[in-house]
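Commentary on secondary and tertiary structure
Each chain, written out:
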Amino acid sequence: MLSGSFKLDNKTALITGAAGLLGIEHATALLECNCNLVLTDIDSKKLNEVQNHLKKKFSKSKIFIHELNVCSKKSIVDLNDLLIKENINLDILINNAALNPKFEKNNQLESSSRLENFSLEKWNLEISVGLTGAFLCSQVFGTTMANSSGGGCILNIASDLSVIAPDQRLYKKEGLSDEKQPVKPITYSVIKSGLIGLTRYLATYWIGKNIRCNSLSPGGVFNDQPEEFLQKISSLIPLGRMARKDEYRAAVQFLCSDASSYMNGHNLVMDGGRSIW
Ligand SMILES: NC(=O)c1ccc[n+]([C@@H]2O[C@H](COP(=O)([O-])OP(=O)(O)OC[C@H]3O[C@@H](n4cnc5c(N)ncnc54)[C@H](O)[C@@H]3O)[C@@H](O)[C@H]2O)c1
């Protein structure tokens, strides 16, 4: 049972990249607080499946879906206009969308991600989704929230890599020369560090308009990674394991509700202690 300040009855949250691994968890977290949702993603098929799944579990809340590419200012403005026309007042924005290269048994990082080979096209695309997308959504939806009587709150989903460098030894593959070894791409570090700057900027921008902006920096989520990787990363984490995908729900509930009403401009690092070692 949630205490009063966590309740989000009659509030509406928009989540970007909502059809992905953590997007569904953020949605579930807010639905547990009785929030209404506008779930957005570039992948409309997956979005439909997520809506059907969540509607079965949470029949009390309204769950709208809308295909949205966070790189397109026009589609963000069109959605904002549509929400205003339909009298849907946004209270919460979660900037979650990213091109998040998964390191799984059947999907390993590529050597084309190495700094020496990293193409300008890849750089521009990844920055445009993970960082520019968060800027554009904050600019459009944040301005609407700032102009509404109730204000609102923005949550940027960063990563433990907003505060530490990637440990490239984690991705090392036996039998490959140094120049062929896969790595976590440079864009990931740049985007996640950039989101912390965006958070601080927005947290202080709309003075007197009751807009709060914070970041959540999750550590890596267990998702069928190769055993060797799991052993290596677990040894870097004081709690000795990766996160379960549902372990960030309570933080999302806290950061998006009045439970955190005096928290603004903060980066909540939740990484099993990895970044303090
Ligand atoms: N999974 C983890 O271990 C982990 C750890 C720390 C931080 N994060 C961060 O959490 C967030 C979610 O990660 P995830 O693991 O759920 O990733 P994911 O790849 O499962 O989901 C990302 C979603 O974003 C969508 N997307 C991609 N391009 C888009 C665009 N142009 N416009 C709109 N949507 C777009 C994808 O369709 C996908 O549904 C990301 O910001 C990621 O960096 C994830």
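Above this text sits the structure in question.
Note that the coordinates shown come from a computational prediction; the quantities given were computed from them, not determined experimentally.

**A few points about the site of the ligand**
Among the 29 residues in the neighbourhood of the ligand, the closest are listed as L22, D41, N96, Y188 and V221. Separating a nitrogen atom of the ligand from a backbone N or O atom of I42 is a distance of 3.4 Å. V221 has a polar backbone atom sitting 2.9 Å from an oxygen atom of the ligand. Considering the ligand on its own, with 820 Å² of exposed area, one finds that the protein chains cover 90% of that surface. Looking at the shell around the ligand residue by residue, the classes come out as 16 nonpolar, eight polar and five charged.

**Focus on the environment of I127**
Tracing the sequence through the fold places I127 in helix α4 (residues 120-147). The spatial distance from the C-alpha of I127 to the C-alpha of S234 is 29 Å, given a sequence separation of 107 residues.

**A few points about the packing of aromatic side chains**
Scanning all chains against the criterion turns up three aromatic pairs. Measuring from ring centre to ring centre gives 5.4 Å for Y205 and W206, while their planes differ by 85 degrees; the resulting arrangement is edge-to-face. Feature note: the residues Y201, Y205 and W206 constitute an aromatic cluster, connected by ring pairs. Here K184 stacks its cationic end above the ring of Y188, 4.2 Å away from the centre of that ring.

Reading guide: rules and limits
- Residues numbered from 1 in each chain as written.
- Predicted model: local features only at pLDDT ≥ 70, side-chain atom pairs only at ≥ 80, totals over all residues.
- Heavy atoms only, no water.
- Near = heavy atom within 4 Å.
- Polar contact = N/O pair within 3.5 Å; in protein donor to acceptor, adjacent residues only side chain to side chain.
- Areas by Shrake-Rupley, 256 points an atom, 1.4 Å probe, with all protein chains shown as cover.
- Nonpolar A, V, L, I, M, F, W, Y, C, P; charged D, E, K, R; others polar.
- Helix = DSSP H or I, 4+ residues; strand = E, 2+ residues; numbered from the N terminus.
- Phe/Tyr/Trp six-rings, centres within 6.5 Å; stacked < 30°, edge-to-face > 60°.
- Lys NZ or Arg CZ within 6 Å of the ring centre and 35° of its normal.

Nothing here speaks to function; it is geometry throughout.
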